[in-house]
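Structural description and commentary
Residue-level listing of the chains:
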Amino acid sequence: LTGMLSSFLDNAPTYVVFFTTALGSNDVGWLMVTGKTLLAISCGAVFMGAMTYIGNAPNFMVKSISEESNIKMPSFFGYMIWSIIILMPIFILTSFIFF
């Protein structure tokens, strides 16, 4: 869920919202010790932010600079298709390897 929202929002606010939601209370000690929930929230926010132009600010900057230099770039949905084809298998593989 963090990853899906992070694709369409900036990573930092998405991370903060889900981190705060996972807390449920003011005590963050358990989250720092176990790390599973924090790890899932962090990886979802960071990895999936690259799925769209707006999910990660550098993606949009590269698109703008490239188009300004007359280099053809995919549209918003075109980029999402490339992301699904290329990034999704990498994310799935990474999940199996590291988690």
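Heads up: the structure comes first, above all this text.
Sequence order as written defines the numbering, with residues in each chain counted from 1. Thresholds applied to this predicted model are a pLDDT of at least 70 for local features of residues and 80 or more for the giving and counting of side-chain atom pairs; totals over whole chains, interfaces and linings are not thresholded and use all residues. The side-chain figures draw on all heavy atoms in the structure; neither hydrogens nor water molecules are used.

Elements are defined by DSSP. Helices are runs of H or I of four residues or more, strands are runs of E of two residues or more, and each kind is numbered from the N terminus. With respect to the helices, strands and loops of the structure, K63 is situated in helix α5 (residues 57-68). N or O atoms closer than or at 3.5 Å make up a polar contact, with two conditions inside protein: a donor-capable atom paired with an acceptor-capable one, and, for residues adjacent in sequence, both atoms drawn from side chains. Polar side-chain contacts of K63 include one of 2.4 Å to the side chain of E67. We call two residues contacting when some pair of their heavy atoms lies within 4.5 Å. K63 has contacts with Y53, M73 and P74, leaving out every residue within four places of it along the chain.

Here we come to the packing of aromatic side chains. Within 6.5 Å between ring centres, the rings of Phe, Tyr and Trp (the latter by its six-membered ring) count as paired, and their orientation is classed by plane angle as stacked under 30 degrees, edge-to-face over 60, tilted in between. For the structure shown, the criterion picks out one aromatic pair. Taking the centre distance of 5.2 Å and the plane angle of 85 degrees together, the rings of F76 and F77 count as edge-to-face.

Glancing now at the environment of C43. Tracing the backbone through its elements, the reader meets C43 in helix α4 (residues 36-48). Residue classification places C43 among the buried positions, given a relative accessible area of 18%. Along the sequence, C43 and F91 sit 48 residues apart, while their C-alpha atoms lie 9.8 Å from each other. In contact with C43, other than residues within four places in its own chain, are M48 and F99. A 1.4 Å probe rolled over the protein chains alone gives each residue an accessible area, and that area as a share of the maximum for its type sets the label: buried under 20%, exposed over 50%, partly exposed in between.

Okay, unusual backbone geometry next. You will see that N70, though not glycine, has its phi angle at about 60 degrees, which is positive. Among the structural elements, N70 can be located in the loop between α5 and α6 (76-98). A relative accessible area of 72% means that N70 is categorised as exposed.

Of all bends in α6, the biggest is about 35 degrees, found at I84. When α6 is considered as a whole, its buried residues turn out to be G78, Y79, M80, S83, F91 and T94. The reported bend at a residue is simply the angle between two axes, fitted to the 7 residues ending at it and to the 7 residues beginning with it.

Geometric descriptors of this kind do not, in isolation, establish any biological role.
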